[in-house]
Amino acid sequence: MEKKECPGCAMEVDRDAEVCPICGYEFPQQPASIKIMAWIMVILLLLWLIF
């Protein structure tokens with residue numbers, strides 16, 4: 001099971017956790033569309049640099 005570090009208390013919590021069970025820190029959620037757009041921009045930038 002993958003873990004991530006809580007920035008509020010520095011404890012390791014499950015990667016899928018939305019709220020830290022120790023301190024109650026709410027992890028920000030990014031929509032999938034933002035991640036997809038970021039990858040598209042990276043690919044376009046690389047293509048621009050190559051050609």
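Up top is the structure.
Residues numbered from 1 in each chain as written. Predicted model: local features only at pLDDT ≥ 70, side-chain atom pairs only at ≥ 80, totals over all residues. Heavy atoms only, no water.

1. Some remarks on the pattern of salt bridges
Evaluated as defined, the whole model comprises two salt bridges. For Glu2, the salt bridge identified is with Arg15, shortest N-O distance 3.5 Å. Residue Glu2 is found in the segment before β1 (3-5), and its partner Arg15 is found in the loop between β2 (12-14) and α1 (32-50); the two are separated by 13 residues along the sequence. The partly exposed category is assigned to Arg15, whose relative accessible area is 43%. With a shortest N-O distance of 3.2 Å, Lys3 and Asp14 are connected by a salt bridge. Within this pair, whereas Lys3 is found in strand β1, its partner Asp14 is found in strand β2, the two being separated by eleven residues in sequence. For Lys3, a relative accessible area of 40% corresponds to the partly exposed category. For Asp14, a relative accessible area of 33% corresponds to the partly exposed category. (Salt bridge = Lys/Arg side-chain N within 4 Å of Asp/Glu carboxyl O. Helix = DSSP H or I, 4+ residues; strand = E, 2+ residues; numbered from the N terminus. Buried < 20%, exposed > 50% of the residue type's maximum accessible area, 1.4 Å probe, protein only.)

2. Some thoughts on the state of the cysteines
Taken as a whole and assessed by the stated rule, the structure comprises zero disulfides. In this structure Cys9 is a free cysteine whose sulfur lies 3.7 Å from that of Cys20, the closest cysteine sulfur available. (Disulfide = S-S within 2.5 Å.)

3. Structural notes on the environment of Trp39
You can see Trp39 is positioned in helix α1. The class of Trp39 is exposed, set by a relative accessible area of 60%. Distance in space between the C-alpha atoms of Trp39 and Val13 is 27 Å, their sequence separation being 26 residues.

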